[in-house]
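A look at the structure
Below, each chain spelled out in residue letters.
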Amino acid sequence: MRRKKRNAVILIVCALALAALGVLGFFVLSMEKHDRFSPQKFPPQKQESRAAVPASSHSEATANQVIEIELEEEEEEINYLETNGIFELPVSGSSGYASVPVGLYGETDENGEILAVLAPGDGFRICREAGNWWLVEADGMRGWVMHRYCMVNLPDLLPSIVYRVDNAKASLLRSSGKAIPGLTGEVLYQAYGWNPRLEREEFIVPVLYEMAKKIGKAQQSAAEDGNTLIIYEAFRPYEVQRRIAASLEALMAADAEVLEGVNRGPWSEGWFVATRISNHQRGYAIDVSLGAVTGREESRSGSYVYSRITDAAEYEMPSPMHELSAAAVCFENPISSGDREAWKTAAPAQTMTPAASLLQRYCTEAGMSPLASEWWHFNDLDCRDAL
């Protein structure tokens, strides 16, 4: 899409005869635009052409003559999704993070010079993609990283998704419908703030880059039906994971109803909270729900336009989000989270709703795998195998 914007730039040429000196002075007033690169806004604004004052002879300019030159310039509007098909904004200009120790190379060569090593969690700005590599800026250094070991901030690529990372605002974690002391309603970690690319407050939602592509496919499938993904969590800090496990164990010890709800039938505590490093820490898991789009608006980031969902009505699901008990299961029986095929023939839980089944279809058709014990949880096993 292109939108033409007409800016009138008035060039006033004042001819002032200075008889005593015999000099004709010209004073030109023009509009200038200063182009300054800022890492907080991508892409940098293109520098506008300055209005050129044509050379004139004294006979062509008379006193108090006003020349108005109207310039017509074109300002591009790019719908990135139309050409990319998955992402709504390009990876260049987005925020990235190392998921494991990652080498910063001087060139796109694994055998080349390593300028530095980025520690897990170190952030950087992605400048360009070339094959399996990203050119990045990190702590004043510029170099190449292999992006299969890196996470990207989802809202920078898929701003149309609705993000409700409850553990970074007011945790929804419960068990058998009961609040978990020290968790429910609490801010468990900081992951919300100003997003300079989107120019608004937004959650920070890191996932591995290859998984982000699958999430994009799922979101575009949902959008075709007038729906949207609602992401409640992606990366979760390990210390928060341990805190959740300890708090649930304490509640189970104190409340028989909670203990029974977690250990109902073939299910047990390990299906609802990991006691060791989980897929959330590794960057290839999301907790997601589904909603009907009830409000949207066109938004812009630099030259790129995208559709921003301003409101969505969440569908009825088997349980509330982050209900840590057998009420949240999506299959009748446990299935190994690392099994790519077993879930395809597994019997769905009787509590599964049409919307939960639709969410599962969007995510699995995009290449993700469901977790048997949580209708909202999906893994990317390809990312697991690549790490």
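This write-up is about the structure you can find in this document. Everything numeric here is computed off the predicted structure, so don't read it as measured data.

About the thresholds
Residue indices follow the written sequence of each chain, beginning from 1 at its first position. Owing to the predicted nature of the model, reporting of local features is limited to residues with pLDDT of at least 70; listing and counting of side-chain atom pairs is limited to 80 or more, with chain, interface and lining totals taken over all residues. Computation of side-chain values: all heavy atoms of the structure, hydrogens and water removed. We count a stretch as a helix when DSSP gives it H or I for four or more residues in a row; a strand needs E for two or more, and each element gets its number in order from the N terminus. In this scheme, a residue with accessible area under 20% of its type's maximum is buried, one over 50% is exposed, and one in between is partly exposed, where area comes from a 1.4 Å probe on protein chains only. Contacts are assigned to residue pairs that have any heavy atoms within 4.5 Å of one another. Computed with the Shrake-Rupley method and a 1.4 Å probe, the accessible areas treat only the protein chains shown as cover for residues. Any carboxyl oxygen of Asp or Glu that lies within 4 Å of a side-chain nitrogen of Lys or Arg is treated as forming a salt bridge with it. Pairing of N or O atoms within 3.5 Å defines a polar contact, subject to two protein rules: one partner must be a possible hydrogen donor and the other a possible acceptor, and residues neighboring in sequence count only if both atoms are side-chain atoms. Each pair of aromatic rings taken from Phe, Tyr and Trp, with Trp reduced to its six-membered ring, is defined by centres within 6.5 Å and is described as stacked if the planes are under 30 degrees apart, edge-to-face if over 60, and tilted in the remaining cases. Each ring is checked for a lysine NZ or an arginine CZ that lies within 6 Å of its centre and within 35 degrees of its normal; such an atom marks a charge sitting over the ring. For a helix, the expected span equals 1.5 Å multiplied by the number of residues minus one.

For the rest of this paragraph, the subject is the overall build of the protein chain. From N to C terminus, the protein chain includes eight helices and 21 strands. The buried share of the protein chain, taken over its 387 residues, is 47%. Pairs at least 24 apart in sequence give 70% of the contacts found in the protein chain among residues at least 6 apart. Surface summary for the protein chain: the accessible area is close to 19100 Å², and the carbon and sulfur share equals 50%.

Let's shift gears to the pattern of salt bridges. Under the criterion given, the structure shown has 17 salt bridges. In this structure, Glu-77 and Arg-300 form a salt bridge, with 2.9 Å as the shortest nitrogen-oxygen distance. Taken together, the residues span a long stretch of sequence, with Glu-77 in the loop between β3 (66-76) and α1 (80-84) and Arg-300 in strand β18 (residues 285-301) at a distance of 223 residues. Assessed through its relative accessible area of 10%, Glu-77 is described here as buried. We classify Arg-300 as partly exposed; its relative accessible area is 25%. Taking the shortest distance from any N to any O, the salt bridge between Arg-308 and Glu-297 comes out at 3.4 Å. With Arg-308 in strand β19 (residues 304-314) and Glu-297 in strand β18, this residue pair connects regions lying eleven residues apart in the sequence. What emerges from the salt-bridge pattern is a single network uniting Lys-214, Arg-340, Asp-380, Asp-382, Arg-384 and Asp-385.

Positionally, Ser-92 belongs in the loop between α1 and β4 (95-98). Ser-92 sits in the buried class, given a relative accessible area of 17%. A polar contact is formed between the side chain of Ser-92 and the backbone oxygen of Cys-127, at a distance of 3.3 Å.

Our focus in this paragraph is the environment of Ser-336. For Ser-336, the position within the fold is in the loop between β19 and α7 (354-365). Take Ser-336: its relative accessible area is 49%, and that puts it in the partly exposed class. In this structure, the C-alpha to C-alpha distance between Ser-336 and Trp-271, residues 65 residues apart in sequence, is 10.0 Å.

Right, let's talk about the packing of aromatic side chains for a bit. Across all of its chains, the model carries nine aromatic pairs by this definition. Centre to centre, the rings of Phe-87 and Tyr-209 are 6.1 Å apart; their planes meet at 25 degrees, and the pair counts as stacked. With Phe-87 in the loop between α1 and β4 and Tyr-209 in helix α3 (residues 209-224), this pair connects stretches of sequence that are 122 residues apart. Here Phe-87 matches Tyr-209 in class, with each residue buried. Residues Trp-267 and Trp-271 carry aromatic rings whose centres are separated by 5.5 Å and whose planes lie at 85 degrees to one another, so their mutual orientation is edge-to-face. Overall, Trp-267 belongs to the buried group, its relative accessible area being 5%. The rings of Phe-87, Phe-124, Trp-134 and Tyr-209 are connected pair by pair, giving a single aromatic cluster. The ring of Tyr-192 is capped by Lys-169, whose NZ or CZ atom sits 4.1 Å from the centre of that ring.

With that settled, consider α7. Two residues of an α-helix separated by three or four positions point the same way, owing to the 3.6 residues in each turn. Taking 1.5 Å as the rise per residue, α7 with twelve residues should run 16 Å; its terminal C-alpha atoms sit 16 Å apart, in good agreement. Buried within α7 are the following residues: Ala-355, Ala-356, Leu-359, Gln-360, Tyr-362, Cys-363 and Thr-364. Contacts made by the buried residues of α7 are with α3, β17 (227-233), β18, β20 (369-371) and β21 (374-379).

Despite not being glycine, Asp-139 has its phi angle at roughly 50 degrees, a positive value. Locating Asp-139 in the fold gives a position in the loop between β8 (133-138) and β9 (141-146). Within the chain, Ser-176 stands out as a residue other than glycine whose phi angle is a positive 55 degrees. Take Ser-176: it is sitting in the loop between β12 (174-175) and β13 (178-179).

What follows is about helix α4 (residues 238-254). Compared with the 24 Å implied by 1.5 Å per residue over 17 residues, the 25 Å span of α4 between its first and last C-alpha is a close match. For α4, the set of buried residues is Val-240, Gln-241, Ile-244, Ala-245, Ser-247, Leu-248, Leu-251 and Met-252. As for α4, its buried residues are in contact with β12, β13, α5 (256-262) and α6 (279-282).

Remember that the coordinates give geometry; whether it matters functionally is a separate question.
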